[in-house]
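Spelled out from the first residue to the last, the chains are:
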Amino acid sequence: MRRGSLVQLLAFTAIAFAIGAAVALLVPWLPSPASKEAGRIWFVYWFATWICVAIFAIVAGVCVYALVYFRVKEGDLSDGPPVHGHTTLEIVWTAIPFVLVTAIAIVSAIVLAQDGRAGRNPLRITVTTQQFAYYYTYPNGKTYFDALRLPLGRHVELTLESNDVIHSFWVPEFAQKSDAVPGIHNKIVVTPTKLGTYPIICTQLCGLGHALMRSRAIVLSAADYDAWYKRPIAAPAPAPAPSGGGGNAAAATLFKTTGTCGACHTFAPAGTQGKVGPDLDHLKADAAKAGQPLEAYIKQSIDDPDAYITPGYQKGVMSGSCCKQLSADQVDQLVQYLAENNK
Ligand code: CUA
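The paragraphs below set out a description of the structure included in this document.

**Describing the packing of aromatic side chains**
Piece 1. Summed over the entire model, instances satisfying the criterion amount to 20 aromatic pairs.
Piece 2. Consider the rings of Tyr138 and Trp228, whose centres lie 5.3 Å apart with planes at 70°: the pair is edge-to-face. Of this pair, Tyr138 sits in the loop between strand S2 (133-137) and strand S3 (143-144) while Trp228 sits in helix H4 (residues 222-230), placing them 90 residues apart in sequence. Both residues of the pair, Tyr138 and Trp228, count as buried.
Piece 3. An angle of 70° between the planes, with centres 5.8 Å apart, marks the rings of Tyr297 and Tyr308 as edge-to-face. In this pair, Tyr297 is assigned in helix H7 (residues 294-303) and Tyr308 in the loop between H7 and helix H8 (328-340), connecting sequence segments 11 residues apart.
Piece 4. The exposure class of Tyr297 is buried, given its relative accessible area of 3%.
Piece 5. Judged by relative accessible area, Tyr308 falls into the partly exposed class, the value being 22%.
Piece 6. Put simply, the rings of Tyr138, Tyr144, Tyr225, Trp228 and Tyr229 pair up and form one aromatic cluster.
Piece 7. One residue, Lys177, lies across the ring of Trp170, its end atom 5.4 Å from the ring centre.

Printed below as a string of structure tokens:
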């Protein structure tokens, strides 16, 4: 091969490499990693990506060179020269991909093994899923409904459980992802490396509220986490006070956390915006449509959701598990809370 040709071939390859690298680097394909596990997975992505960009550059460079310099001259209808196999070339282009793919497999296997390691003393948290909410139980037995709080830099082992159908736990910034399957206790390890609030997303189609099944992971410094963890949890909601005020606040907490009602229902007094079920600001009108007194209608809707379906909604959505964890007292508090705020 002439020296000039080689320079041209290299120039085409360099241009193709620059285009490939620009597409890889300038488009924000991945969020910035917020866990040790994500850092390792990102390393695998980039390892594979740079191999792909290099191969793309070589193939594109040779193609462009061939298109430019081996074009058929106009009016030349003769056959091309008969070309037979080239054993050395074939061995080379089989051996190189074999080595590269094997390297990717080895790196992936190492990362997979490391990302599954929880260390000697992980923080163990149970993540429970149900249509259409998450809640989190800590080693001290306390359960939180609003968010998953994690300490910076500590191995956390999450055990995923489901009360009804298959859900999923995914935080893009943590990269770790697994399904929550009824009867199976899947585990994933997360070691947060960056303070902040990250979305938790359900990625398994789990019913009408699937698209709205979201929660938050909050990464706190070790000191902030300890302070939060040692804080006594709010006492169980007392019976609503006749004046509304304090009782209303307790009932709002019951509505939002224990009952997880807000995951599916909009209700202005509680500040929730769920869209899966009927808007609970219109209970009075709905009770009238059902031909029932307001309080009886609300109680029936919690105890036996399928007894009457608000027009425009479907049977079987609410009759899962969400209300079964409420005590009779709690149901009464919710009925009162909803009725009082619908007068
Ligand atoms: Cu739970 Cu989708």
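Continuing now.
**Regarding the nonpolar core**
Piece 1. With 35 residues, the main nonpolar core has Ile125, Tyr138, Leu148, Leu158, Phe169 and Phe174 as its most contacted residues.
Piece 2. Looking at this core, the elements with two or more residues in it are strand S1 (123-130), S2, strand S4 (148-151), strand S5 (156-162), strand S8 (186-190), strand S9 (196-201), strand S10 (214-220) and H4.
Piece 3. Residue contributions to this core peak at four residues, all from S10.
Piece 4. Dropping the residues within four chain positions of it, Leu158 is found in contact with Ile125, Val127, Leu148, Phe169, Asn186, Lys187, Ile188 and Val190.
Piece 5. Counting 23 residues, the second-largest nonpolar core is a separate cluster that includes Cys261, Leu326, Val331 and Leu334.

**Digging into unusual backbone geometry**
Piece 1. The peptide bond linking Gln131 to Phe132 adopts the cis configuration, its omega dihedral lying at 0°.
Piece 2. Among the structural elements, Phe132 can be located in the loop between S1 and S2.
Piece 3. You will see that Ala175, though not glycine, has its phi angle at about 70°, which is positive.
Piece 4. For Ala175, the location among the structural elements is in the loop between strand S6 (167-170) and strand S7 (177-180).
Piece 5. Overall, Ala175 belongs to the buried group, its relative accessible area being 16%.

**Here's the deal with the sheet that holds S8**
What holds strands together in a sheet is hydrogen bonding between their backbones, with the strands either parallel or antiparallel.
Piece 1. One open sheet accounts for five strands, arranged S3-S2-S1-S5-S8; its pairing is mixed. Strands at the two margins of the open sheet, each flanked by one partner only, are S3 and S8.
Piece 2. Pairing between S2 and S3: two bridges, direction antiparallel. Paired with Tyr136 across the strands is Tyr144, a residue of S3.

Parameters and conventions
Residues numbered from 1 in each chain as written. Predicted model: local features only at pLDDT ≥ 70, side-chain atom pairs only at ≥ 80, totals over all residues. Heavy atoms only, no water. Phe/Tyr/Trp six-rings, centres within 6.5 Å; stacked < 30°, edge-to-face > 60°. Helix = DSSP H or I, 4+ residues; strand = E, 2+ residues; numbered from the N terminus. Buried < 20%, exposed > 50% of the residue type's maximum accessible area, 1.4 Å probe, protein only. Lys NZ or Arg CZ within 6 Å of the ring centre and 35° of its normal. Core = buried A, V, L, I, M, F, W, Y, C linked by side-chain atoms within 4.5 Å. Contact = heavy atoms within 4.5 Å. Pairing = 2+ DSSP bridges.

As far as function goes, none of this settles anything; it's purely spatial.
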